[in-house]
Amino acid sequence: MNTLTVSVVTPDGPVLEDTFEMVSCKAESGELGILPGHIPLVAPLSISGVRLKGPNPERIAVSGGFLEVRPDKVTILAQSAERPEDIDIERARAAKERAERRLQAKQDEIDFRRAELALKRAMNRLDIAENR
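Given the structure is predicted, the values throughout are model-derived calculations rather than measurements.

**What about the domain arrangement of the protein?**
As far as domains go, the protein holds domain 1 (4-82) and domain 2 (89-130). The gap between the C-alpha centroids of domain 1 and domain 2 is 24 Å. The interface of domain 1 with domain 2 comprises nine residues on the first partner and seven residues on the second. The contact between domain 1 and domain 2 buries some 670 Å² in all, and 58% of this surface belongs to carbon and sulfur atoms.

**A word on helix α1 (residues 89-105)**
Spacing of three or four residues puts side chains on the same side of an α-helix, whose turn is 3.6 residues. With 17 residues, α1 extends 24 Å from end C-alpha to end C-alpha; this agrees with the ideal 24 Å at 1.5 Å per step. For α1, the elements touching its buried residues are α2 (112-130). The distance from a side-chain oxygen at the start of α1 to the backbone nitrogen of Glu90 is 3.2 Å, and the residue carrying that oxygen is Asp88. Positive phi appears at Lys106, one or two residues downstream of α1, with a value of about 50 degrees.

**Considering the nonpolar core**
Counting 23 residues, the largest nonpolar core has Val6, Val8, Val23, Leu52, Leu67, Val74 and Ile76 as the members making the most contacts within it. Of all the elements in the fold, those that place two or more residues in this core are β1 (4-10), β2 (13-20), β3 (22-27), β4 (30-34), β5 (41-53), β6 (58-70) and β7 (73-78). For Ile76, the residues in contact, after removing those within four places along its chain, are Ser7, Val8, Val9, Leu45, Val50, Val62, Phe66 and Leu67.

Rules behind the numbers
- Residues numbered from 1 in each chain as written.
- Predicted model: local features only at pLDDT ≥ 70, side-chain atom pairs only at ≥ 80, totals over all residues.
- Heavy atoms only, no water.
- Domains from an automatic or database assignment.
- Contact = heavy atoms within 4.5 Å.
- Buried area = accessible area lost by both parts, 1.4 Å probe.
- Helix = DSSP H or I, 4+ residues; strand = E, 2+ residues; numbered from the N terminus.
- Expected span 1.5 Å × (residues − 1).
- Polar contact = N/O pair within 3.5 Å; in protein donor to acceptor, adjacent residues only side chain to side chain.
- Core = buried A, V, L, I, M, F, W, Y, C linked by side-chain atoms within 4.5 Å.
- Buried < 20%, exposed > 50% of the residue type's maximum accessible area, 1.4 Å probe, protein only.

Structure below.
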């Protein structure tokens, strides 16, 4: 079976480097499925989970960044990326509740876009951690 080398890198360093049969992720333009031999591509990523299919499947929570695809390699340059075992579930739940309170408060001094992004990040982290 053909495989892709997948690297997930953040400003804090590498998160993952392994081989997989398929990469599924959500770009800002929509859902992408990457197989070996895919045409070269660069796409901005949304806050979402990345699914890596292979003998040892993985899911990773990413908070934006970029996807670079070459025929035999996929590189994800993410602002942050976490494997399920690295996610602090209680901290993610607290962040989700805090963001929901800010959005419901509807006060003028609250940056709604920032609160929405915080909510999306927290929900993504919880989804990845709770649905291993």
